[in-house]
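Here are the chains, one letter per residue:
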Amino acid sequence: MTIQNNSTHTTLSWQDVLRTLPSVDALLRHDILRPLIEREGLQVVTDAVRQALDTVRGQIRSGHLEAVPTDWAQHIDELLHAVSRPSLRSVINATGVIIHTNLGRAPLSEAARRAIADLGNGYTNLEYDLDEGRRGSRYDHARTLLRQLTGAEDALVVNNNAAAVYFALAALCQGQAVVISRGQLVEIGGGFRIPDVLRQSGARLVEVGTTNRTHPRDFADAIDDDTAALMRVHASNFKQMGFVTQPALAELVEIAAQHPRRPLVIDDLGSGTFLDTAAYGLSPEPTVQESVAAGTDLVTFSGDKLLGGPQAGIIVGKREPIAILRKHPMARALRVDKMTLAALDATLRSYVRGRAVEEIPVWRMISAPLHELSQRAEGWRQQLANVGLSTSVQKGESTVGGGSLPGETLPTWLLALDLPRPDEAAACLRRASTPVIVRIQQDRLILDPRTVDPAEDATLLNILLTLKDDTW
Ligand SMILES: *Cc1c(COP(=O)(O)O)cnc(C)c1O
């Protein structure tokens, strides 16, 4: 590097040192910055130069720097790296929480990723009927597959499940009563509380039963001519045990059918699954097909929880209420993008082909064999032990997360890293080129291979190996 101050700084005051700082223009004109300007543009580099000069000026004033640095290009390159890095980045989830809302919920299948890449590249028939050569509907795309998979008469996709619940209530129950069990007035997280959503939608909440027990007759007694719907909400993130009961969905459907007002039955399934969770050592979750088969008018669920697809709110059910939703002006405010529809279509096709467990990451993780997890944790341990890191493999538990299967765990094998300052080591892993998110338990870093794609193993190990260079 050639920009230098020739002064002998030992005898200089900080004011003198400041005076030897190069100007913004001088730095920008220098050869060393030319490649950076070509790569990032003059404006970005100028901002970085100013910022670098400001930082150095501050350091000189506070006595932290006695001479003007000479490695400007490197310093500015680092600053540029930080600003040009996208804010939203890939991370490695070693927490063992499969559907981690903070980490973007379900990772997409290869087919879904390919569909996004292919369709994002150009124009699509999003709202164009190719047979007729005229305007079509974006809602037609996932409709056929969803009907086929769930047995429902019709289907509609909106932005997320919170939107689906709100939309159904606002469009079909505004100004009327909605009956819900006191045991299901839940808060999902992020301030999404069923009683608040109901109020916001303009519907009137009628609470029935008690916290732990609600009977079919509680619903039957509450219906009057003002009742628009009976609603069931999946208690996604807590579990009631002991002296508890809730009416079955089929009982709500029968009660609604018997009343001349014929209120709708709405089921907010939350996660919603097409596959039987009991087949994978978890407690049984109600499937979407079961809800539909019970005669429910509207079933709502997320696209990115157990379904394992993109963020979306899926509404399936009877023809008439869904036709009202489709034509409602609010539908446009909640509509999904072509990328979402592309990924959803590809994800649903894995289910149609009967290949969901093999192809959809969430289900691959749920069904990962224990011996495979043990082998991977052991493989990690050996490589880290080779460089002198203190590690062990121990039994542990993964969770499904994302407001599905509360309290349920899957047995797993964990890698435990013993380091003197685990919090700082974890922070170092978060700052890696590909950030790694781990758990800390009993002062040890804990990594669960279940949520790490085997294709990420090499990257993960390279990052973990950097821990050996410091005394974390
Ligand atoms: C998760 C969940 C929601 C919200 O779904 P999003 O897809 O996060 O909008 C609503 N209701 C229940 C019961 C849930 O579990």
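Residues numbered from 1 in each chain as written. Predicted model: local features only at pLDDT ≥ 70, side-chain atom pairs only at ≥ 80, totals over all residues. Heavy atoms only, no water.

J.: Would you take a moment to explain the overall build of the protein chain for this structure?
T.: Check the secondary structure of the protein chain and you find 20 helices and 16 strands. Relative to the 2.2 N^0.38 estimate, which gives 23 Å for 472 residues, the radius of gyration of the protein chain is 29 Å and therefore markedly larger than a compact globule would have. Along the first, second and third principal axes, the C-alpha atoms of the protein chain reach 95 × 55 × 45 Å. Counting only residues that meet the buried cut, the protein chain has 46% of its 472 residues in that class. Counting only contacts in the protein chain whose residues sit at least 6 apart along the sequence, the fraction spanning at least 24 positions is 74%. For the protein chain, the computed accessible surface area is about 23100 Å², with 48% contributed by carbon and sulfur atoms. One finds the centroid of the 49 positive side-chain charges in the protein chain at a distance of 2 Å from the centroid of its 56 negative side-chain charges. (Helix = DSSP H or I, 4+ residues; strand = E, 2+ residues; numbered from the N terminus. Rg over C-alpha atoms; globule rule 2.2 N^0.38 Å. Buried < 20%, exposed > 50% of the residue type's maximum accessible area, 1.4 Å probe, protein only. Contact = heavy atoms within 4.5 Å. Areas by Shrake-Rupley, 256 points an atom, 1.4 Å probe, with all protein chains shown as cover. Lys, Arg positive; Asp, Glu negative; His and termini not counted. Charge placed at Lys NZ, Arg CZ, Asp CG, Glu CD.)

J.: Got a minute to help me understand helix α13 (residues 319-327) in this structure?
T.: Think of an α-helix as turning once every 3.6 residues; residues three or four places apart then point the same way. Along α13, the residues classified as buried are Pro321, Ile322, Leu325 and Arg326. All buried residues of α13 fall inside an arc of 140 degrees around its axis, so they share one side. Facing away from the buried side of α13 by over 90 degrees, the exposed positions are Glu320 and Lys327. (Arc of directions from axis to C-beta.)

J.: Where do I start with the pattern of salt bridges in this structure?
T.: Once their charged atoms are close, side chains differing in charge can pair, the charge on each being opposite to the other. Under the defined criterion, the tally for this structure stands at 29 salt bridges. A salt bridge links aspartate 226 to arginine 204, with the nearest nitrogen and oxygen atoms 2.5 Å apart. Residue aspartate 226 is located in the loop between α10 (216-222) and β8 (227-233), and its partner arginine 204 is located in strand β7 (residues 204-208); the two are separated by 22 residues in the primary sequence. Measuring nitrogen to oxygen at the nearest pair gives 2.9 Å for the salt bridge that ties aspartate 267 to arginine 232. Of this pair, aspartate 267 sits in strand β9 (residues 264-270) while arginine 232 sits in strand β8, placing them 35 residues apart in sequence. Here the salt bridges share partners, and the residues they tie into one network are Glu127, Arg135, Arg138 and Arg335. (Salt bridge = Lys/Arg side-chain N within 4 Å of Asp/Glu carboxyl O.)

J.: Help me understand the site of the ligand in this model?
T.: Taken together, 13 residues lie around the ligand, and Ala162, Ser236, Asp268, Ser302 and Lys305 are the ones closest in. Within the contact set of the ligand, an oxygen atom lies 2.8 Å away from a side-chain nitrogen or oxygen of arginine 105. Side-chain polar atom of lysine 305 to an oxygen atom of the ligand: 2.8 Å apart, as the coordinates give it. Here the ligand, which alone exposes 380 Å², has 94% of that area covered by the protein. The set of elements that each furnish at least two residues to the shell around the ligand consists of α8 (161-173) and β9. (Near = heavy atom within 4 Å. Polar contact = N/O pair within 3.5 Å; in protein donor to acceptor, adjacent residues only side chain to side chain.)

J.: I tried to follow the sheet that holds β8 on my own but got confused; where do I start?
T.: Backbone-to-backbone hydrogen bonds pair the strands of a sheet. The strands run either parallel or antiparallel. Spatial strand order, β5-β11-β10-β9-β8-β6-β7: 7 strands in an open sheet with mixed pairing. A single partner strand is all that each edge strand has here, and the edge strands are β5 (154-158) and β7. Averaged over all neighbouring strand pairs, the angle between strand axes comes to 25 degrees, with direction disregarded. Examined bridge by bridge, β5 and strand β11 (residues 313-317) share 5 bridges and lie antiparallel to one another. Its bridge partner being in β11, alanine 155 is matched across the sheet by valine 316. (Pairing = 2+ DSSP bridges. Axes fitted to C-alpha atoms, helices over the stretch in contact; angles between N-to-C directions.)

J.: I keep staring at the packing of aromatic side chains and nothing clicks. Help me out?
T.: Aromatic rings considered in pairs are described by the distance between their centres and by the relative angle of their planes. Inspection of the entire model under this criterion finds 3 aromatic pairs. Centroid distance phenylalanine 274 to tyrosine 351: 5.0 Å. Interplanar angle 85 degrees. Geometry classified as edge-to-face. Taken together, the residues span a long stretch of sequence, with phenylalanine 274 in the loop between β9 and α12 (288-293) and tyrosine 351 in helix α15 (residues 338-352) at a distance of 77 residues. These aromatic residues form a ring-pair network of at least three members: Phe274, Phe301 and Tyr351. When the ring centre of phenylalanine 243 is taken as reference, the NZ or CZ atom of arginine 213 above it lies at 3.8 Å. (Phe/Tyr/Trp six-rings, centres within 6.5 Å; stacked < 30°, edge-to-face > 60°. Lys NZ or Arg CZ within 6 Å of the ring centre and 35° of its normal.)

J.: Would you mind showing me how to read the domain arrangement of the protein chain here?
T.: In many analyses, interface size is given as the accessible surface area lost on bringing the parts together. In terms of domains, the protein chain is made up of domain 1 (14-84), domain 2 (92-100 + 364-470) and domain 3 (108-359). With centres defined by C-alpha atoms, the gap from domain 1 to domain 3 works out at 55 Å. (Domains from an automatic or database assignment.)

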